[in-house]
Amino acid sequence: MTSIGTGYDLSASTYSPDGRIFQVEYATKAVENSGTAIGVKVNDGIVLAVEKLIHSKLLVPEANRRIQTIDRHIGLATAGLLADGRNITTRARDEAVNYREAYNAPTPLKILADRLGLYVQAYTLYSSVRPFGISTILGAVDKDGPSLYVVEPSGVFFGYNGAAVGKGRQLAKTELEKLKLSELTTREAVYEAARIIYLVHEDAKEKEFELELSWIGKETDGVHLPVPKDLHRDAEAKAKAALETFE
Amino acid sequence: MDHFPTNWGRPRNDAYDAYGTFPLPHRPNNDTKDAFASGVQRTQQPIVTGTSVLALKYKDGIMMAADNLASYGSLARFKDVQRLHPVGKYTVIGAGGDISDFQYIQKFLEELIIEEFTSQDGHDLGPAEIHEYLSQVMYARRSKLNPLWNSLLVGGFKDGKSFLAYVDLLGTTYSASTLATGFGAYLAQPILRKEVEGKETELTEDEAIRIMETCIRVLYYRDARSIDKYQLATITADGVKISDSRHISTSWSFAEGIRGYGAQTQ
């Protein structure tokens with residue numbers, strides 16, 4: 001790391017001479033150490049999936065969720081520091097409530113992503129704070145149909161058809177690119193998402209993990225819900241079976 | 001130092017400036033010093049109002065009824081207002097009184113339900129919780145001398161148990177197997193009690209509908225702030241159902257014989 005020792009990486013409020021903010025780049029590194037999170041957008045819905053690494057066998061199953069619900073129709077998945085994910089969740093819920101109070105309508109995801117982008121960006125401006133060590137995947141079905149966004153530690157956000165963040169993002173992105181997203185149903189996308197998470201996990205040979213799955217679509221009536229237990233189990237079983245036949 | 005004695009405070013008796021000679025604009029002003037306080041207004045009376053709400057317990061759960069009128073004083077101003085509102089999966093609230101306050105209540109309950117939903121903790125609010133919450137809000141508002149001008153019925157069915165309770169602008173609550181707000185408390189409640197009490201576990205949905213129709217008809221005949229268009233809500237194990245607007249049949253032939261009622265022939 002050429003930045004170390006130069007003194008330009010000590011604060012988010014200092015540029016390096018070539019115009020970079022090293023603290024933000026370090027925050028991106030924090031994201032890269034985390035279990036993968038992916039988001040899939042299909043014609044009639046959204047699927048979020050997370051590879052939640054289990055650091056202790058003593059943990060209660062399903063503890064420390066990394067997929068959260070923001071509003072009825074909005075889901076959020078994070079990769080990076082878990083506590084930062086909680087903070088962004090709280091903020092996103094506040095923003096959603098705020099929009100609803102003002103306009104008496106569900107928050108369009110574009111607007112939520114915009115507001116979260118502003119919030120995250122504010123943490124790249126001051127020496128007294130550290131930037132968020134998370135990339136946030138936002139998924140929703142709103143008045144314009146399904147949409148998917150990713151907010152980065154720098155505060156930039158982009159819309160995607162398929163998104164992957166965290167350790168296994170490269171492989172996950174190549175797998176997502178192979179899918180014909182416009183031809184999948186939300187239910188089929190659940191299977192694909194589970195398969196990709198298992199695949200990238202296998203690739204990294206990590207410790208144990210738990211698969212988190214949520215979806216929004218016709219079958220959930222446009223509401224963000226955890227994938228039902230039986231579908232979850234089935235998707236997991238098919239994902240494991242697919243690993244055997246892969247390559 | 002203000003050297004005008006009249007500015008020191010309101011004269012204690014007529015011995016001082018008995019004839020009020022001190023110019024009016026220069027009289028001491030004992031109003032609050034906060035310039036904005038006089039701009040604060042609290043609800044003094046309801047403006048656009050709904051009338052009675054009826055509710056009863058029956059075999060499968062709770063049935064509620066309310067007409068579709070929102071009056072502006074004695075004017076029948078809005079004739080397609082829904083006064084029964086679902087809250088979450090297990091509850092319906094029905095409101096009489098100020099309609100804008102009721103809309104505000106709907107808004108904050110919606111927010112409450114979303115807050116509970118997003119926490120994804122496997123719990124959701126039933127009718128008992130919603131009624132308790134409402135009663136706390138209503139009492140807090142009346143204690144600020146700024147009440148939400150409504151009388152509300154909360155009906156629900158959760159975990160095999162039906163729930164029916166009342167709360168009003170004062171924060172008063174009570175519960176019974178039949179409830180009615182507004183004029184309905186006088187006109188419909190006796191009918192409801194006679195038909196329902198002791199038979200809560202036997203009444204079928206059809207019988208309950210018939211009882212509601214009777215009460216709505218009586219109210220339409222005798223309550224000048226009512227209308228013959230109304231909705232029914234049922235809350236059962238199958239969830240919340242709110243009907244489309246229904247029409248109550250009435251007969252006015254008796255009026256023919258009343259002198260002074262219609263056009264007179266002699």
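Rules used throughout
- Residues numbered from 1 in each chain as written.
- Chains lettered and ligands numbered in written order.
- Predicted model: local features only at pLDDT ≥ 70, side-chain atom pairs only at ≥ 80, totals over all residues.
- Heavy atoms only, no water.
- Axes fitted to C-alpha atoms, helices over the stretch in contact; angles between N-to-C directions.
- Helix = DSSP H or I, 4+ residues; strand = E, 2+ residues; numbered from the N terminus.
- Left-handed = near helix turned anticlockwise from the far one by under 90°.
- Contact = heavy atoms within 4.5 Å.
- Nonpolar A, V, L, I, M, F, W, Y, C, P; charged D, E, K, R; others polar.
- Expected span 1.5 Å × (residues − 1).
- Buried < 20%, exposed > 50% of the residue type's maximum accessible area, 1.4 Å probe, protein only.
- Arc of directions from axis to C-beta.
- Pairing = 2+ DSSP bridges.

Here the focus is the packing of helix H4 (residues 169-178) of chain A against helix H5 (residues 186-204) of chain A. All names here are of chain A. At a minimum axis distance of 9 Å, the contact between H4 and H5 shows a crossing angle of 145°. Considering only the axes of H4 and H5, their crossing is right-handed. Mapping the contact onto sequence places Leu171, Ala172, Glu175 and Leu176 in H4 and Arg195, Ile196, Leu199, Val200 and Asp203 in H5. When its residues are assigned to classes, the contact of H4 with H5 shows 6 nonpolar, no polar and 3 charged.

Let's shift gears to helix H2 (residues 82-103) of chain A. Across its 22 residues, H2(A) extends 32 Å between first and last C-alpha, which sits within 8% of the 32 Å expected from 1.5 Å per residue. For H2(A), the complete set of buried residues consists of Asp84(A), Gly85(A), Ile88(A), Thr89(A), Ala92(A), Glu95(A), Ala96(A), Tyr99(A) and Arg100(A). Projected down its long axis, H2(A) shows its buried positions confined to an angular sector of 140°, all on one face. In H2(A), those exposed residues whose orientation departs by more than 90 degrees from the buried face are Ala83(A) and Ala102(A). Elements in contact with the buried residues of H2(A): strand E3 (67-71), strand E4 (74-80), helix H3 (109-122) and strand E5 (134-142) of chain A together with helix H1 (99-118) of chain B. In the stretch just after H2(A), Asn104(A) is the one whose phi turns positive, near 55°.

All names here are of chain B. Relative to the helices and strands, Tyr221 is located in helix H5 (residues 205-222). Separated by 31 residues in sequence, Tyr221 and Trp252 have C-alpha atoms that sit 9.5 Å apart. Filtering out sequence-adjacent residues up to four positions away, Tyr221 remains in contact with Thr250, Ser251, Trp252 and Phe254.

Attention now moves to the sheet that holds strand E9 (residues 209-217) of chain A. Residue and element names in this part refer to chain A. Spatially, E8-E1-E2-E9-E10 is the arrangement adopted by the 5 strands of the open sheet, whose pairing is antiparallel. Every interior strand has two partners, whereas the edge strands, strand E8 (162-165) and strand E10 (225-226), have only one. As defined by bridge partners, strand E2 (residues 45-53) adjoins E9 across 9 bridges and the pair is classed as antiparallel. Its bridge partner being in E9, Leu48 is matched across the sheet by Ser214. The sheet strands contacting H4 are strand E1 (37-42) and E8, and the helix crosses E8 at an angle near 165°.

Nothing here speaks to function; it is geometry throughout.
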